[in-house]
Each structure stands twice: as C-alpha cells, then as structure tokens.
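# Architecture at a glance
Next come the chains, spelled out residue by residue.
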Amino acid sequence: MKTENITHFEELDAEHELQMPAVLGHEHAPAPASTRRMTLNMGPQHPSTHGVLRIMLELEGETIISARPDIGFLHTGIEKECEGKHYHQVTPLTDRVDYLANLSNNLCYALAVEKLLQIEIPPLAQWMRVMLVELTRLNSHLVWLGTHALDLGGMSAYFYCFREREEILKIFEMFSGQRMMTSYIRIGGLALEPPRGWDKAVSKFIGTFDSKIDEYETLLTANPIWMQRTKGVGVVPLDELIAVGVTGPMLRAAGLTIDARKDTPYSSYDKFNFEVPTYTTGDVFARFKVRVDEMRQSTSIVRQAVAGMPEGDWKADAPHVVLPDREKMKTQMESLIYHFKIVTEGFRVPPGEVYQVVESPRGELAYYVVSDGTAKPHRVFMRTPSFGNLQSLSVMLEGRLIADSIASLGSMDFVLGDVDR
Amino acid sequence: MLPEVLSDHPAAAAVEQQFPSAILEAKSALGEVTLVIDPAVIADVCSFLKIHLGFDRLSSVTCVDWWPQVPRFEVVYHLQSIKSNTLLRLKVRVGEGVEVDSVTGVWRGANWYEREVFDLYGITFRNHPNLERILMPADWEGHPMRKDFPIHGYRYSYRDE
C-alpha cells in the first residue's frame with residue numbers, strides 16, 4: 001500500500017516535471033530557472049479590458065507564455081432577436097451592437113436593406129449620413145484615445161478627450177433626441193428632419209476641433225514616457241495580421257492601405273476628398289498615430305459635408321417603406337394607410353442576400369442580410385470588426401512582457417458589445 | 001455548370017476548370033457572386049482560391065438555417081482579395097449531423113468564426129484545432145440560433161415564478 005502511494009507521488013512529480021517549461025531565452029525578461037509558471041486570470045472585470053473580457057494568462061516571471069481570451073460575457077443574442085422583428089424594428093438593435101459606433105451600425109444595416117429593396121436615397125440624406133458617421137468616428141476615437149492614455153498613466157488626455165466628446169454627443173442629441181443610441185439612420189433615409197441650425201452647431205464644433213487634436217498631440221506624441229510605453233510594443237507582422245482576420249486601423253498601422261470608404265465607396269463617399277493614413281512600423285505608437293490622423297481626415301470630411309450639403313429631401317420616395325410625414329397623415333388618407341401598414345405588418349423585402357461592408361471606426365463592419373420575401377429578415381449576421389481584431393490577441397501578447405499587455409490591448413480598440421453581440 | 005453571366009468571372013471560371021464538378025450552383029445577384037460548393041471539396045477550393053486567385057483574406061464564416069428544408073444548413077464564407085478588391089461568397093449546404101471540413105488550415109482567422117457556427121448552429125468542423133463553444137456558456141444545451149430553438153429558450157419560463 002505504502003509503496004504504491006510513493007510511486008504514485010513520484011509519477012505525479014514526474015508529470016509535473018514534464019509540464020514545467022524549458023526556460024525560454026526571451027530577450028526582454030529571461031526568467032530565472034527556478035521560476036514556475038503562474039496562471040493569471042485577467043478580467044472579466046479588469047479595467048483595461050474596457051468591458052467584460054477574460055484573458056487567461058500563463059506567465060513565466062514577467063513574460064506571457066500563453067494568452068487565451070474568453071469571450072461571450074456580453075452575448076445578448078441580438079442576431080437571434082433580429083429574426084423575430086420587422087425590418088424597421090431591427091434598427092434600434094444595431095445601435096446596441098457597438099455602442100461607440102452606433103451610427104456606423106445603423107448605416108451598414110440600412111444600406112444592406114436598401115440594396116435588397118433597390119431604393120434610391122436622396123443626396124441630402126447620403127451626405128448627412130456621411131457627416132454623422134464621421135462624427136461617430138471622432139466620438140469613438142476620442143473615447144479610445146482618452147481611455148488608452150488613462151491605461152498608460154496619462155490622465156489629462158482623458159479629460160481633454162471627453163470634453164470634446166461631450167460636444168459631439170450634444171450634436172447627436174440635437175439631431176435625434178438621443179446622445180448614444182440614436183437610431184437616426186433609418187431604412188430609406190433619416191429618422192427625422194435635420195434640426196434647424198444644425199449647420200451652425202456642427203461648424204462651431206468642427207471649427208475648433210483641429211486645434212484640439214493639436215492639444216492631444218502636444219500631450220502625447222512627443223512625450224518621452226508615452227513613446228517608451230508604445231514604441232516597438234505589440235508589433236505583429238502584416239501577413240500574420242491579415243491571416244488572423246484583423247482589419248481597420250491596425251492593418252493601416254502595419255502598412256496596408258485598406259479602407260472600405262475608398263475601396264468600395266458607399267453613401268457618396270467618392271464625392272469627398274480625404275486620405276487614408278498609413279504607417280509602417282505596426283506598433284502601438286503607429287496605431288495611435290493612425291487614429292489621430294484619421295481624426296484630422298474625419299474633421300475635413302465633416303467640414304466638406306457642411307460646406308457642400310446638397311438641397312433636397314431627407315428620405316427616399318418609397319411610401320411603402322418610409323414612414324410618412326406626421327402632417328400628411330392628418331390630411332391624406334394614403335399616408336395614414338401606409339403608416340398603419342408599415343407599423344403593424346412592416347414591409348416585404350424581395351428574396352435575396354446582401355453582404356454590405358462599411359468602414360467603422362474599428363475596421364471592416366459588414367452586415368449579411370438574408371431575406372426570404374417576408375416582412376422579417378431570415379438572417380442578419382453582423383461581421384463586427386472587434387471580433388476579428390480580438391483574434392490577434394494571442395499573437396500580440398505571447399512572448400511579450402505583461403506590462404506591455406495593457407498597451408497592446410488598448411491599441412486594439414475593441415468594444416466588447418461588438419465582440420459578443 | 002456556370003451560368004452565362006459568370007463564365008468570364010475569373011475566380012468562378014478557374015474553380016470550374018480546376019474542380020469540374022465542385023460548383024453545384026452559381027449566381028450573380030445585386031452585384032455579388034455566390035458559388036455553392038460541394039461540401040467534400042470546400043477546403044481544397046478555398047486553398048486553391050487563396051493560393052492561385054489571391055483571396056488572401058477571409059472576411060467571415062457564418063451559417064443560415066433553412067429549417068424545415070432539407071438540407072437545412074448553409075455555411076456561408078465571404079472571401080476578399082485585397083489586391084483585386086473583390087468579394088466572393090462561397091456556400092456549402094449540409095444537413096444535420098454532417099461534418100464540414102474546417103478552413104482554419106487556409107486562413108487562421110476562420111478559427112473563431114467556425115467556433116461561433118458550432119456554438120450557435122451545432123455544425124461540427126473536421127480538423128478544427130479547438131472546437132469549443134465561444135459565445136454561450138460551456139454547459140449550455142442546444143444551439144440557440146437554430147430556427148427551431150425558441151427565442152426565450154427552453155429553460156426559463158415565466159410560469160415557474
């Protein structure tokens with residue numbers, strides 16, 4: 001009995017020895033031979049994960065040996081819910097997918113359904129959409145920049161960024177009555193007529209915004225601490241990034257000029273003059289520079305939109321799809337009938353499928369809408385950029401220092417609602 | 001057989017030439033090209049498209065449930081070629097309990113998308129490195145995105161309160 005036990009322990013010990021790693025000769029942090037592996041559970045409530053993301057880290061000293069993300073804490077079944085709703089009723093759900101880029105999601109869904117319906121959107125609505133989506137990009141990048149700097153110890157940038165973000169949210173509130181979940185871009189145009197004086201409000205904000213970006217750059221770009229924390233950190237080769245499905249600013253920071261606004265222009269983006277900022281180093285600093293430069297480009301697009309806003313209607317001439325004006329409903333029988341029919345039974349969409357790609361602040365956002373000819377979508381699949389980008393987490397963290405993981409995670413700019421849907 | 005519209009589509013024509021019986025159906029609608037591929041050769045077709053036609057990026061893998069039709073599932077792949085800036089949709093039609101070859105060997109990024117399809121639709125992928133649930137809890141029963149799965153689930157009902 002006794003001997004059995006002893007052999008048993010020896011076996012366990014032998015197994016344990018096998019599991020012990022050969023010490024990796026890592027250039028950053030050579031772990032002493034006596035170090036044992038430690039499993040560290042980062043999250044799901046870790047502040048720098050910006051949501052509920054759990055990462056199981058295996059550490060050897062200060063070096064990360066393996067990083068396994070565990071997602072799904074925010075899975076709300078939005079795609080399932082879409083299948084039980086009329087096409088118009090899906091729009092508010094798309095807001096909740098990526099709560100920092102809600103208008104991008106509205107736009108992508110609206111474009112997909114409009115393509116299935118084959119309806120023409122008037123120029124004013126298209127330009128208004130572009131303007132609002134670019135303001136969304138500024139909003140999202142400001143939240144990212146503020147929190148990313150906060151994670152790395154730069155507290156003042158946070159206050160600066162949220163000061164300007166507040167102004168953008170006020171503009172959204174002016175347009176739609178909501179600060180975040182706007183649902184302002186609807187199938188067939190916009191939800192409401194653009195408010196009186198919108199151009200003054202937007203011009204006032206955008207007039208000073210360039211100098212505000214300069215302020216952020218003064219705080220961070222040449223700051224030696226910021227450079228030390230970000231330069232040369234989190235580098236992944238470009239082909240590896242493409243292989244794991246990364247899109248957006250992370251690819252552009254690694255040297256690939258890819259942007260759906262240029263490659264497959266939608267909503268009259270081809271009428272705007274802008275550049276796609278690209279860097280080649282592919283580190284956290286390059287991702288920061290790409291996003292800051294994108295803010296400058298977005299500012300320019302918004303300015304062009306305000307200056308060249310076409311005249312015309314703000315919703316399409318498609319009475320069976322677009323809700324009629326309130327005033328017309330009081331005087332015209334047809335409008336009342338259409339209103340009743342759209343609200344009670346929705347509208348039928350011809351059978352077919354569409355994969356609509358737009359460039360969200362985080363990368364390639366695509367909605368795959370399948371219609372079976374009824375008033376409810378058969379399937380709405382959301383190809384969200386954060387889900388694809390988060391797959392690069394393991395390659396970005398493994399073999400690096402744990403202190404750098406915060407910088408790398410922040411530079412990915414994921415939104416967990418966007419990952420889990 | 002390829003329809004007339006697609007006979008000079010480079011990717012469709014090349015696949016037709018390389019794998020003569022692989023394309024079961026092909027169509028071009030709303031400016032998007034769809035090829036329905038024989039499930040037996042999906043991984044080979046994907047690797048051919050990646051190596052010879054430059055579809056270096058996999059945008060997404062998803063599934064559509066056409067229950068009660070037979071076969072009920074359509075696994076949908078969206079491929080993108082960065083160089084020629086084109087999008088291609090591949091489909092595989094499978095019934096319940098049929099395995100599909102994983103394309104993780106072609107694009108590593110397929111990993112999480114196939115796990116999601118496994119999790120929400122219950123389709124198993126052969127040769128997948130880590131086929132586990134990804135969005136739902138590990139002990140969840142059933143596959144919630146199936147059309148015969150009720151929207152409020154099986155476990156919880158208001159009558160129990």
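Presented here is a report on the structure given in the accompanying data block. (Residues numbered from 1 in each chain as written. Chains lettered and ligands numbered in written order. Predicted model: local features only at pLDDT ≥ 70, side-chain atom pairs only at ≥ 80, totals over all residues. Heavy atoms only, no water.)

## Observations concerning the packing of aromatic side chains
Residue and element names in this part refer to chain A. Applied cut-off: Two aromatic rings from Phe, Tyr or Trp, using only the six-membered ring of Trp, form a pair when their centres are within 6.5 Å; if the ring planes differ by under 30 degrees the pair is stacked, by over 60 it is edge-to-face, and anything between is tilted. In this scheme, Lys NZ or Arg CZ marks a charge over a ring once it lies within 6 Å of the ring centre and within 35 degrees of the ring normal.
Summed over all chains, the structure comprises 18 aromatic pairs over all chains. Linked through ring pairs, W127, Y266, Y269, F272 and F274 together constitute an aromatic cluster. Sitting above the plane of the F387 ring, R421 keeps its charged end 5.2 Å from the centroid.

## Regarding the side chain of S386 of chain A
As a reminder of what qualifies: Comment: elements are numbered from the N terminus, with helices defined as DSSP H or I runs of at least four residues and strands as E runs of at least two. Two residues form a contact once any of their heavy atoms are found within 4.5 Å.
Note that S386 of chain A resides in helix α15 (residues 385-390). Setting aside its immediate chain neighbours within four residues, S386 of chain A contacts R362, F414, V415, D418 and V419 of chain A.

## Observations regarding the environment of F55 of chain B
All names here are of chain B. Here F55 lies in the loop between α2 (42-53) and β3 (57-65). Put simply, F55 and Q80 are 25 residues apart on the chain and 5.4 Å apart in space, counted from C-alpha to C-alpha. Beyond its immediate sequence surroundings of up to four residues, F55 is in contact with A11, L49, K50, L79, Q80, S81, T86, L88 and W107.

## Overview of the interface of chain B and chain A
This is how the line gets drawn: Two parts placed together each lose some accessible area; with a 1.4 Å probe, that loss summed over both constitutes the buried area. Basic side-chain nitrogens of Lys or Arg form a salt bridge, by our definition, when they fall within 4 Å of a carboxyl oxygen of Asp or Glu. We define a polar contact as two N or O atoms separated by no more than 3.5 Å, with the added condition that, inside protein, one atom must be a possible hydrogen donor and the other a possible acceptor, whereas residues neighbouring each other in sequence contribute only through side-chain atom pairs.
Each side of the interface is counted separately: chain B has 40 residues, and chain A has 42 residues. Per-residue buried area on chain B facing chain A is highest for L30, W112 and L135 of chain B; these three make up 21% of the total on that side. Between chain B and chain A we count eight salt bridges in total. Close ionic contact of R108 of chain B with E240 of chain A constitutes a salt bridge, the shortest N to O distance being 3.5 Å. For the pair chain B and chain A, the number of links is 25 residue pairs in polar contact (both at pLDDT 80 or more).

## Concerning the side chain of E114 of chain A
Looking at the secondary structure, you find E114 of chain A in helix α4 (residues 102-117). Ignoring any residue separated from it by four or fewer positions in sequence, one finds E114 of chain A in contact with I119, I121, R129, R186, I187, G188 and G189 of chain A.

## Some points on the nonpolar core
How we decide: Only buried residues count toward a nonpolar core. Its members are Ala, Val, Leu, Ile, Met, Phe, Trp, Tyr and Cys residues joined through side-chain atoms within 4.5 Å. Burial here depends on accessible area, computed with a 1.4 Å probe over protein chains only, as a share of the maximum for the residue type. Under 20% is buried, over 50% is exposed, and the range in between is partly exposed.
By size, the foremost hydrophobic cluster in this structure holds 170 residues, and its most contacted members are M131 of chain A together with L35, Y77, L90 and I123 of chain B. A per-element tally of this core places helix α5 (residues 123-151) of chain A first, with 14 residues. Leave out the neighbours within four places in its chain, and Y77 of chain B touches I42, S60, V61, L88, R89, L90, V92, V100, D101, V103 and F125 of chain B.

## Brief notes about the sheet that holds strand β5 (residues 86-94) of chain B
Residues and elements named next belong to chain B. As a reminder, the rule being used: At least two bridges found by DSSP between two strands is the condition for calling them paired. Every angle, taken between N-to-C directions, lies between 0 and 180 degrees, and every axis is a line fitted to C-alpha atoms, over only the stretch in contact when it is a helix.
The strand order β1-β2-β5-β4-β3 describes an open sheet built from five strands, whose pairing is mixed. Across the chains shown, the open sheet's two edge strands, defined by having one partner strand only, are β1 (23-29) and β3. Neighbour-to-neighbour, the strand axes of this sheet turn through a mean angle of 20°, independent of strand direction. Summarising the sheet, β3 and strand β4 (residues 73-81) pair through eight bridges and their orientation is antiparallel. The residue bridging R57 from the neighbouring strand is Q80, located in β4.

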